[in-house]
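Structural description and commentary
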Amino acid sequence: MTTYVWDYLEEYAEEREEILDAVDAVFQSGRLVLGASVAGFEQEFAAHHGTEHCVGVDNGTNAIVLGLQALGVAPGDEVVTVANTAAPTVLAIDAVGATPVFVDVREEDYLMRTDQLAGVITERTSAIVPVHLYGQCVDMDPVTELAALHGLKVLEDCAQAHGARHHGRLAGTMGDAAAFSFYPTKVLGAYGDGGAVLTRDADVAAALRRLRYYGMEERYYVVRTPGHNSRLDEVQAEVLRRKLRRLGAYIEGRRAVARRYAEGLAGTGLVLPSNAVGNDHVHYVHVVRHPERDRIIERLKDYDIELNISYPWPVHRMTGFAHLGYAEGSLPVTERLAKEIFSLPMYPSLPPHTQEKVIEAVREVVAGL
Ligand SMILES: *Cc1c(COP(=O)(O)O)cnc(C)c1O
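Please read these numbers as outputs of a predicted model, since none were measured by experiment. (Residues numbered from 1 in each chain as written. Predicted model: local features only at pLDDT ≥ 70, side-chain atom pairs only at ≥ 80, totals over all residues. Heavy atoms only, no water.)

Side note on the sheet that holds strand E8 (residues 169-170)
- Ordered by their spatial adjacency, three strands build an open sheet running E8-E7-E13, and the pairing between neighbours is antiparallel. Of all the strands in the sheet, just E8 and strand E13 (279-280) have a single pairing partner and so form its edges.
- Sheet topology note: the strand E7 (residues 165-166)/E8 ladder contains two bridges and is antiparallel. Bridge pairing in E8 links His-166 to Arg-169. (Pairing = 2+ DSSP bridges. Helix = DSSP H or I, 4+ residues; strand = E, 2+ residues; numbered from the N terminus.)

Quick word on the pattern of salt bridges
- Within this structure, the stated rule accounts for 26 salt bridges.
- For Arg-106, the salt bridge identified is with Asp-109, shortest N-O distance 2.6 Å.
- Arg-255 is the partner of Glu-252 in a salt bridge, and the nearest nitrogen-oxygen pair spans 3.3 Å. With a gap of three residues between them, Glu-252 and Arg-255 both fall in helix H9 (residues 247-264), about one helical turn apart. (Salt bridge = Lys/Arg side-chain N within 4 Å of Asp/Glu carboxyl O.)

Focus: the site of the ligand
- Neighbouring the ligand are 14 residues, the closest being Gly-60, Thr-61, Gln-160, Ser-181 and Lys-186.
- Side-chain polar atom of Thr-89 to a nitrogen atom of the ligand: 3.4 Å apart, as the coordinates give it.
- Between the ligand and the protein, one listed contact pairs a nitrogen atom with a side-chain N or O atom of Asp-157 at 2.8 Å.
- At the level of elements, helix H3 (60-70) and helix H4 (87-95) are the ones that each hand at least two residues to the shell around the ligand.
- The residue inventory of the shell around the ligand, partitioned by class, reads five nonpolar, seven polar and two charged. (Near = heavy atom within 4 Å. Polar contact = N/O pair within 3.5 Å; in protein donor to acceptor, adjacent residues only side chain to side chain. Nonpolar A, V, L, I, M, F, W, Y, C, P; charged D, E, K, R; others polar.)

Some details on the UniProt feature "active site" (unreviewed entry) in the protein chain
- UniProt's feature table lists "active site" (unreviewed entry) at Lys-186, given in the numbering used throughout.
- By the element assignment, Lys-186 lies in the loop between strand E9 (177-181) and strand E10 (195-199).
- Not counting the four nearest positions on each side in its chain, Lys-186 is found in contact with Ala-159, His-162, Ser-181, Arg-254 and Tyr-284. (UniProt positions renumbered as here; feature names shortened; annotations may be inferred. Contact = heavy atoms within 4.5 Å.)

A word on the UniProt feature "modified residue: N6-(pyridoxal phosphate)lysine" (unreviewed entry) in the protein chain
- In the numbering adopted here, UniProt assigns the feature "modified residue: N6-(pyridoxal phosphate)lysine" (unreviewed entry) to Lys-186.
- Lys-186 gets classed as buried once you look at its relative accessible area, which sits at 13%. (Buried < 20%, exposed > 50% of the residue type's maximum accessible area, 1.4 Å probe, protein only.)

Digging into the domain arrangement of the protein chain
- According to the domain assignment, the protein chain contains domain 1 (10-244) and domain 2 (247-367).
- Taking only C-alpha atoms, the centre of domain 1 and the centre of domain 2 are 24 Å apart.
- Opposite the 43 residues of domain 1 that make contact, domain 2 presents 40 residues.
- Surface buried jointly by domain 1 and domain 2 totals about 3500 Å² across both partners, of which 56% is contributed by carbon and sulfur atoms.
- Area buried by domain 1 at its contact with domain 2 is led by Tyr-110, Tyr-134 and Val-187, which between them contribute 20% of it.
- Where domain 1 touches domain 2, the interface holds two salt bridges.
- Where Glu-107 meets Arg-289, a salt bridge forms, and the shortest distance between an N and an O atom there is 2.8 Å.
- Counting the contacts that link domain 1 with domain 2 gives 24 residue pairs in polar contact (both at pLDDT 80 or more).
- Of all the secondary structure elements, the ones that give two or more residues to the side of domain 1 that touches domain 2 are helix H1 (9-29), H4, strand E4 (99-103), E7 and helix H8 (234-244).
- The element that contributes the greatest number of residues to the side of domain 1 that touches domain 2 is E4, accounting for five residues.
- A per-class count over the side of domain 1 that touches domain 2 returns 19 nonpolar, 12 polar and 12 charged. (Domains from an automatic or database assignment. Buried area = accessible area lost by both parts, 1.4 Å probe.)

Brief notes about the packing of H3 against H4
- Running from amino to carboxyl end, H3 crosses H4 at an angle of 40 degrees, the nearest separation of the two axes being 8 Å. When you trace H3 past H4, the crossing you get is right-handed. Counted together, Thr-61, Ile-64, Val-65 and Leu-68 of H3 and Pro-88, Thr-89, Ala-92, Ile-93 and Ala-95 of H4 form the full contact between these two elements.
- Of the residues contributing to the contact of H3 with H4, the split by class is seven nonpolar, two polar and no charged. (Axes fitted to C-alpha atoms, helices over the stretch in contact; angles between N-to-C directions. Left-handed = near helix turned anticlockwise from the far one by under 90°.)

Some details on the packing of aromatic side chains
- Taken as a whole, this structure holds 10 aromatic pairs when the rule is applied.
- With a centroid separation of 5.8 Å and 90 degrees between ring planes, the pair formed by Tyr-8 and Tyr-191 is classed as edge-to-face. Of this pair, Tyr-8 sits in the loop between strand E1 (3-4) and H1 while Tyr-191 is found in the loop between E9 and E10, placing the two residues 183 residues apart along the sequence.
- Ring geometry for Phe-102 and Tyr-326: centres 5.1 Å apart, planes at 65 degrees, overall edge-to-face. Of the two residues, Phe-102 sits in strand E4 while Tyr-326 sits in the loop between strand E15 (305-306) and helix H11 (332-340), which places them 224 residues apart along the sequence. For the pair shown, Phe-102 and Tyr-326 are each scored as buried.
- Through a chain of ring-to-ring contacts, the aromatic side chains of Trp-6, Tyr-8, Tyr-12 and Tyr-191 assemble into a single cluster. (Phe/Tyr/Trp six-rings, centres within 6.5 Å; stacked < 30°, edge-to-face > 60°.)

What about the environment of Leu-188?
- When you line up the elements, Leu-188 lands in the loop between E9 and E10.
- For Leu-188, a relative accessible area of 0% corresponds to the buried category.
- Linking Leu-188 and Gly-329, residues 141 residues apart in sequence, is a C-alpha distance of 35 Å.
- Contact partners of Leu-188, with chain neighbours within four places excluded, come to Phe-45, His-162, Ser-181, Phe-182, Tyr-183, Leu-240, Lys-243, Leu-244 and Leu-247.

Dropping the structure here:
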């Protein structure tokens, strides 16, 4: 049987009754859009973070789009982020009419180089989007300090960091607002698309509710543009309520796999993920690094292991972002990583025998290079 980096079927086999019960509860409720399940999930997700407001939206990309708009980011602004991220981070900035501006990432943990932020801030900069990539947080103090100094907003991209902590603080509680994705592969994943924005600010929350609902506060009257239809689906919200109760167990499961990989792959020459100071990692993707990455991936296919790369093309070098004008070599660490990193299978229900299969295969392949 082929092993992939992610699979949900073992988990579904375990949780099937509860998931189907969630679906049935919504279908029986008499309310299919913005009903009790979305409201309940919003309350529970906010409470989980000790934050005042959560607004459920249709996916993580739109969580960033609406989050930026609610924070007042406008067309023509510049928004600073990284190019070592999922393209949606940058597409969302583009979608609000702002210009993405990039800093490089750190050699040790592939996260935002906050020491480069000051050098790219201009009069047009209105926000910073730190991306808590792979399951651990960006060093947030320099980000929020610089933002305060320049009057900038901070929107955390938490799509890969549900439950991650930075010096004890949960991802999503450190900026002005935080965008989450519940795409199925994520640490907290729905059975389809979903997203949410967290904020402590009641006005930002009110703006988010309007933005996701056609620019309306009540039917059928548009009070302000822009407006979207970006609601979290009622069924996905009810599934997420059930799964939120297991988030701690999902994270523990991921940590156990990461520990086994660390033991099993020690001494191979692969660069294993590192934990940045003060970070509790949730291991969304298990990114390892080796200069012979492409050969390793190719040979692992003989062992029936199909690996993934997060991400094979740095965003600033994609054709779709050529207009931003970033030349080759402009973000050297980001560009080098894209050639050397790959991701090992990682999900909480990854069976122990599959973990052993991966370890053995990787050891053999690397030794035989
Ligand atoms: C998944 C992801 C997104 C986009 O979320 P969707 O729900 O797929 O729209 C944005 N940013 C990062 C870092 C992601 O990993």
